[in-house]
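# Structural description and commentary
One letter stands for each residue in the lines below.
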Amino acid sequence: MTGYTMLRNGAVGNGGQTCMLRWSNRIRLTWLSFTLFIILVFFPLIAHYYLTTLDEADEAGKRIFGPRAGNELCEVKHVLDLCRIRESVSEELLQLEAKRQELNSEIAKLNLKIEACKKSIENAKQDLLQLKNVISQTEHSYKELMAQNQPKLSLPIRLLPDKDDAGLPPPKVTRGCRLHNCFDYSRCPLTSGFPVYVYDSDQFAFGSYLDPLVKQAFQATARANVYVTENADIACLYVTLVGEVQEPALLRPAELEKQLYSLPYWRTDGHNHVVINLSRKSDTQNLLYNVSTGRAMVAQSTFYAAQYRPGFDLVVSPLVHAMSEPNFMEIPPQVPVKRKYLFTFQGEKIESLRSSLQEARSFEEEMEGDPPADYDDRIIATLKAVQDSKLDQVLVEFTCKNSPRASLPTEWALCGAREERLAVLKLSTFALIITPGDPRLLISAGGATRLFEALEVGAVPVVLGEQVQLPYQDVLQWSEAALVLPKPRVTEVHFLLRSLSDSDLLAMRRQGRFLWETYFSTADSIFSTVLAVIRTRIQIPAAPIQEEAATEIPHRSGKAAGTDPNMADNGDLDLGPVETEPPYASPRYLRNFTLTVTDLYRSWNSAPGPFHLFPHTPFDPVLPSEAKFLGSGTGFRPIGGGSGGSGKEFQAALGGNVPREQFTVVMLTYEREEVLMNSLERLNGLPYLNKVVVVWNSPKLPSEDLLWPDIGVPIMVVRTEKNSLNNRFLPWNEIETEAILSIDDDAHLRHDEIMFGFRVWREARDRIVGFPGRYHAWDIPHQSWLYNSNYSCELSMVLTGAAFFHKYYAYLYSYVMPQAIRDMVDEYINCEDIAMNFLVSHITRKPPIKVTSRWTFRCPGCPQALSHDDSHFHERHKCINFFVKVYGYMPLLYTQFRVDSVLFKTRLPHDKTKCFKFI
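Along every chain, residues carry numbers that run from 1 in the direction the sequence is written. Totals for whole chains, interfaces and linings use all residues, but because this is a predicted model, local features are given only for residues with pLDDT of at least 70 and pairs of side-chain atoms are given and counted only at 80 or more. Values shown for side chains rest on all heavy atoms present in the structure; no hydrogens or waters enter the calculation.

Helix and strand counts for the chain stand at 23 helices and 28 strands. The classification of residues rests on relative accessible area computed with a 1.4 Å probe and restricted to protein chains. Under 20% of the type maximum is buried, over 50% is exposed, and intermediate values are partly exposed. Looking at the chain as a whole, 49% of its 919 residues qualify as buried. In what follows, a contact means two residues having at least one pair of non-hydrogen atoms within 4.5 Å. Within the chain, counting contacts between residues at least 6 apart in sequence, those at least 24 apart form 76% of the total. Going along the chain from the N terminus, every DSSP run of H or I of four or more residues is numbered as a helix, and every run of E of two or more is numbered as a strand.

Two numbers describe how helix 20 (residues 807-816) lies on helix 22 (residues 832-844): the axes approach to 11 Å, and their chain directions differ by 110°. If you check the angle between helix 20 and helix 22, you find them roughly perpendicular. Residues Tyr-809, Leu-812 and Tyr-813 of helix 20 pack against Glu-832, Ala-835, Met-836, Leu-839, Val-840, Ile-843 and Thr-844 of helix 22. Gly is placed with the polar residues, together with every amino acid not listed as nonpolar (Ala, Val, Leu, Ile, Met, Phe, Trp, Tyr, Cys and Pro) or charged (Asp, Glu, Lys and Arg). Taken together, the residues of the contact of helix 20 with helix 22 break down into eight nonpolar, one polar and one charged. In this analysis an axis means a line fitted to C-alpha atoms, helices contributing only their contacting stretch, and an angle means the value between N-to-C directions, from 0 to 180 degrees. Each angle receives one of four descriptions, namely roughly parallel if under 35 degrees, roughly antiparallel if over 145, roughly perpendicular if within 65 to 115, and oblique otherwise.

Before going further, it helps to spend a moment on helix 9 (residues 376-389). Under the convention used throughout, the expected extent of a helix is 1.5 Å for every residue step, that is, one less than its residue count. Taking 1.5 Å of rise per residue, the 14 residues of helix 9 would be expected to cover 20 Å, and the 20 Å separating its terminal C-alpha atoms lies within 8% of that figure. Asp-376, Arg-378, Ile-379, Ile-380, Thr-382, Leu-383 and Val-386 are the residues of helix 9 that are buried.

Only a pair of cysteine sulfur atoms within 2.5 Å qualifies as a disulfide here. For the structure shown, the criterion picks out four disulfides. Across the disulfide, Cys-188 is cross-linked to Cys-236 (sulfur-sulfur distance 1.7 Å). Linking Cys-188 and Cys-236, the disulfide has an S-S dihedral of approximately 95° and is accordingly described as right-handed. Separated by 48 residues along the polypeptide, Cys-188 in the loop between helix 5 (179-182) and strand 1 (196-198) and Cys-236 in the loop between helix 6 (212-224) and strand 2 (237-243) bring together distant segments of the chain. With respect to class, Cys-188 is no different from Cys-236; both count as buried. One disulfide bridge connects Cys-400 with Cys-415, the sulfur atoms lying 1.7 Å from each other. Across the S-S bond linking Cys-400 and Cys-415, the dihedral sits near -65°, which makes this disulfide left-handed. Residue Cys-400 is found in the loop between strand 9 (395-397) and strand 10 (412-413), and its partner Cys-415 is found in the loop between strand 10 and helix 10 (418-425); the two are separated by 15 residues along the sequence.

A separate point is the confidence of the model for the chain. Of all residues in the chain, 75% have pLDDT values of 70 or greater, and the mean over the chain is 80. For every residue, the predictor assigns a confidence score, pLDDT, that lies between 0 and 100. Contacts for the low-pLDDT stretch residues 912-919, under 50 throughout, to residues beyond four places or in other chains number 30 contacts.

Attention now moves to the packing of helix 13 (residues 502-520) against helix 14 (residues 523-537). Taken N-terminus to C-terminus, the directions of helix 13 and helix 14 make an angle of 85°; their axes are 6 Å apart at the nearest point. Classed by the angle they form, the pair helix 13 and helix 14 counts as roughly perpendicular. Facing Thr-518, Tyr-519 and Phe-520 of helix 13, the residues of helix 14 in contact are Ser-525, Ile-526 and Thr-529. Per-class residue counts for the contact of helix 13 with helix 14 are three nonpolar, three polar and no charged.

To continue, consider the nonpolar core. Membership of the largest hydrophobic core comes to 134 residues, with the highest contact counts inside it found for Phe-194, Val-239, Ile-276, Tyr-472 and Phe-883. Residues within four places of Tyr-472 in sequence aside, it is in contact with Val-315, Val-316, Ser-317, Trp-478, Tyr-519, Phe-520, Ile-526, Thr-529, Val-530 and Val-533. By nonpolar core is meant a set of buried Ala, Val, Leu, Ile, Met, Phe, Trp, Tyr and Cys residues that side-chain atoms within 4.5 Å join together.

So, on to the packing of aromatic side chains. When the centres of two rings from Phe, Tyr and Trp lie within 6.5 Å, Trp using its six-membered ring, the rings pair. Their planes under 30 degrees apart give stacked, over 60 give edge-to-face, and anything left gives tilted. Counted by the stated rule, this structure contains 36 aromatic pairs. Look at Phe-218 and Phe-527: their rings are 5.3 Å apart centre to centre, the planes differ by 85°, and that puts the pair in the edge-to-face class. On the criterion of sequence distance, the pair formed by Phe-218 in helix 6 and Phe-527 in helix 14 is long-range, its members being 309 residues apart. Neither residue differs from the other here; Phe-218 and Phe-527 are each classed as buried. In textbook terms, an aromatic cluster arises when at least three aromatic residues are bridged by ring pairs, as seen for Tyr-197, Tyr-199, Phe-204, Phe-206, Tyr-238 and Tyr-265. A positively charged side chain is recorded as over a ring if its NZ (Lys) or CZ (Arg) lies within 6 Å of the ring centre. The angle to the ring normal must also be within 35 degrees. Positioned above the aromatic ring of Tyr-787 is the side chain of Arg-876, whose terminal nitrogen or guanidinium carbon lies 4.3 Å from the ring centre.

Now for the sheet that holds strand 22 (residues 769-770). Across the sheet, nine strands lie side by side as 15-20-18-17-21-26-22-27-28; this open sheet has mixed pairing. With one partner strand each, in any of the chains shown, strand 15 (551-552) and strand 28 (898-899) form the two edges of the open sheet. Most of the contacts of helix 19 (residues 751-763) go to strand 26 (residues 802-806), to which it runs at about 30°, and overall it touches strand 17 (663-669), strand 21 (739-744), strand 22, strand 26, strand 27 (849-851) and strand 28. Sheet strands in contact with helix 20 are strand 21 and strand 26, and its direction is about 85° off that of strand 26. Between any two strands, at least two bridges found by DSSP are needed for them to pair.

Across its 13 residues, helix 6 extends 19 Å between first and last C-alpha, which sits within 8% of the 18 Å expected from 1.5 Å per residue. Within helix 6, burial applies to Val-214, Lys-215, Ala-217, Phe-218, Thr-221 and Ala-222. Along the axis of helix 6, the buried positions cluster into a sector of 165°, meaning they face one direction only. Opposite its buried face, helix 6 presents the exposed residues Arg-223 and Ala-224, each directed more than 90 degrees away. Packed against the buried residues of helix 6 are strand 1, strand 2, strand 3 (273-277) and helix 14. Counting of polar contacts relies on pairs of N or O atoms within 3.5 Å, with two restrictions inside protein: one atom must be capable of donating a hydrogen and the other of accepting it, and residues adjacent in sequence are counted only when both atoms are side-chain atoms. Sitting at the amino-terminal end of helix 6 is Asp-211, which places a side-chain oxygen 3.0 Å from the backbone nitrogen of Leu-213. The reported arc concerns the directions from the helix axis to the C-beta atoms and nothing else.

A separate point is the sheet that holds strand 6 (residues 314-315). Strand order in this open sheet of five strands is 1-2-3-4-6, and the pairing throughout is parallel. The sheet is open, and its two edges are formed by strand 1 and strand 6, each paired on a single side. Pairing of strand 4 (residues 297-300) with strand 6, which is carried by two bridges, proceeds in the parallel orientation. Considered in strand 6, the bridge of Ala-299 is made with Leu-314. Each of strand 1, strand 2 and strand 3 touches helix 6; the most contacted strand, strand 2, lies at about 160° to it.

Following the sequence through the fold, Thr-669 ends up in strand 17. The contacts of Thr-669, once residues within four sequence positions are left out, are Leu-676, Val-694, Val-695, Trp-696, Asn-697, Ser-698 and Asp-745.

Tracing the chain through its elements places Arg-719 in strand 20 (residues 715-719). Taking C-alpha positions, Arg-719 is 7.1 Å from Ala-550, a pair spaced 169 residues apart along the chain. With sequence-adjacent residues up to four places away left out, Arg-719 is seen in contact with Thr-551, Ile-553, Trp-696, Leu-701 and Trp-732.

For side chains bearing opposite charge, pairing can occur when the charged atoms are close. Each salt bridge in this description consists of a side-chain nitrogen of Lys or Arg and a carboxyl oxygen of Asp or Glu lying within 4 Å of one another. What the rule picks out here adds up to 32 salt bridges. One salt bridge in this structure joins Glu-547 and Lys-807, with 2.4 Å as the shortest N-O distance. Of the two residues, Glu-547 sits in the loop between helix 14 and strand 15 while Lys-807 sits in helix 20, which places them 260 residues apart along the sequence. The exposure class of Lys-807 is buried, given its relative accessible area of 0%. Where salt bridges share partners, they join Arg-418, Arg-421, Glu-453 and Glu-456 into one cluster.

This brings us to unusual backbone geometry. Cis peptide bonds are those with omega within 30 degrees of zero, and the linkage from Gly-243 to Glu-244 qualifies with 25°. By secondary structure assignment, the location of Glu-244 is in the loop between strand 2 and helix 7 (253-261). Between Val-335 and Pro-336 the backbone carries a cis peptide bond, its omega angle lying at 5°. You can see Pro-336 is positioned in the loop between strand 6 and strand 7 (341-346). The phi dihedral of Gln-539 is positive, around 60°, even though this residue is not glycine.

Moving on: a nonpolar patch on the surface. Only residues whose relative accessible area exceeds 30% and that take part in no salt bridge are eligible for patches, with like-charged residues grouped when within 9 Å of each other and nonpolar side chains (Val, Leu, Ile, Met, Phe, Trp, Tyr) grouped when within 5 Å. Residue exposure ignores everything except the shown protein chains as possible cover, and the areas themselves are Shrake-Rupley values with a 1.4 Å probe. Nonpolar side chains collect at one region of the surface, where Leu-32, Leu-36, Phe-37, Ile-39, Leu-40, Val-41, Phe-42, Phe-43, Leu-45 and Ile-46 lie side by side and expose about 1000 Å² of accessible area between them. For Ile-39, a relative accessible area of 41% corresponds to the partly exposed category.

The next subject is the side chain of Ser-444. Along the chain, Ser-444 turns up in the loop between strand 12 (441-443) and helix 11 (445-457). Residue Ser-444 is classed as buried on the basis of its relative accessible area, which comes to 2%. A polar side-chain atom of Ser-444 sits 2.2 Å from a polar atom in the side chain of Glu-411. Among residues more than four places away in sequence, those in contact with Ser-444 are Ser-301, Thr-302, Leu-408, Glu-411 and Pro-436.

In structure tokens:
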């Protein structure tokens, strides 16, 4: 209050102070007005200047609010957008530049890596070269090491004893002779080839006593045998014929023994000698019973137990057909299975031991005590009871209508002539053979004759008497062809015979026919069997079969043949990998010297098959273990892994030992040069082909100016001695493979068809595998067989005009098959393919295999073939019926089986994996 009063008083009291206050207020207003003027005038001007010179701020001296030319004023409103775009583009350019620099950096790094990889590759190449050198050195060292441990196998040195060397010390008793103590193995090395020396009987005194027919037949077969040698110094075996003699009483045992010991190579005890006594008559006596043969083997048809040395001596069949071969047309057929009589027996016993019926003892009582010496009376009573019962029609005669033939004591003598006995046996399903009542008589010529005749006409032998020694019993399985029963089972014979099924009966009859034809029918078969038994016992392999020497016809090769696209194009069928190696032969039979017991058993006892009797083929047949004519199969193994596709993996899994294989084409031709050249050209580039053998069947040689195509493999033109269709199956020595493709010169097959057929054959080596199928049919109105070429759902033949088969069948066809069949082929100039189908089906008891043909079989436009003639089919009808008579039955078997690839005619995309298997 005091201050306010003072101020107020001062103001009132002081006029100067009031003026100053007013002046101060006036200055404040002026300053405020000036400040407002500057803000309102100068600030807008300055802002306008900077706005007009913003885009040109980097240019010196340019006014901010300078004038704009043209449309620049219009673009001012897009300045901000353009600035943003420019900033975005600038940013992208910066990023791209950064990426470019980054890529350049990566490229530089990769270039460095490439250089490093190149250096690494060079180093790896150097290392690989060093490794190859190391491997080569290692292989060389391994071979040297193996050569040291297993030196190269060479033939052993031939060990020949001195001429007067007696060899091993003699056994204590003569009956103790066996191979290990009575046979000199040093004369029979494995590689010797089993040389056999045959004495000329005419040079010795006992030769004058021999039956002329027997002596002549023996000498003829000895001259033709592959093992017989004229050099006695290298012989492994010495064979002499001592019988049959015309007058046994004139040749005393002491005289015969003296003559035997005087043989040039007898060497004091006769080791490695075989004394053969061939019986041509049923009443042949036991010529060598009281003759000391030392260590010599004895081969004859009559043996006593005290004389026979098991595993050393041989029981041989009688020599019925001395100088002539059997007439197959007179042999009855093997069908129908059942004949008029269930069983037959005709015989008379001249001298017997004590009769069992005279003793008041039953069978059971006799079996409890000592066995009776003779059951023949009880056998007579039992067989008569069966005949009287009329349950089955049987024929038993114990008394001959005419005088019985001479026989040994206790032996049942033969009745009537041979023709009469055969007439009865042809009506018999079974033929009873009662062994001698004396158990000491193991076999007699009469009993062997009964066995021979029964097998000849197809009557199944029923042998009563288990003590009997049948021919070659230690190597032949007689249970497959005959019934051998103890005499006490005579009351059960009728039941046993009725219990056999037709199929079993037919199998036994067929096996019996095989045994008779192979081992007993001729002098050659008997002599060959004797040598085969001894050779098998001492484990010497058979000599190779002599092949047919091929006489080559010189010819000129022209330019290289082109490849027909139709032949080589496989279409949509993927055949898998192909073996494209150069021609090579099949491996030779390497197991000749290492045959096992199983192989020997198969070769001797499997049926039907003459393999063991005849020499080996030079190739290992490599057939399955159940093949009927070879014992060299290795059996089946489990199917293993593999890429498949070529057939060899499947074949190897089935037990074969050929990892790779080729085939030989055998082409028969006759004066059709143009057709032949076209067919040969179609083989150009064919995989698996080893060689082509052209069998020139015409006596007229090919033209000298004829140019033969060059197909990449050898073409061998073989000249034949005569025009014969049998030349197609000759085992030419130029055929170096096991597989043969027999093909006509007008056949038209694609490469894929041939390849597929060959791969199928590798899995079925014992069959005929081919393309054109045929079948046989029974003509009811005419009661005969017919050849049919119409299409049907089954087949029984595959024509060899385009078929694969094993070379072994060429040996069998040319050397083993009955000559009558080959003669029929030459007569008609036809039917050779049917004959081959008969042979293979007879041997294997299997039908052929047909492979699907994707192309036409015959050559279009080729000249007319023989098969187009109407007479062609009539001749083939006759051939089939004739072959059936020769074999005794119809061996052809029907089948509805055909082999295709799994994807045959199956459309699949190309990106799908294809397979190649068989169904």
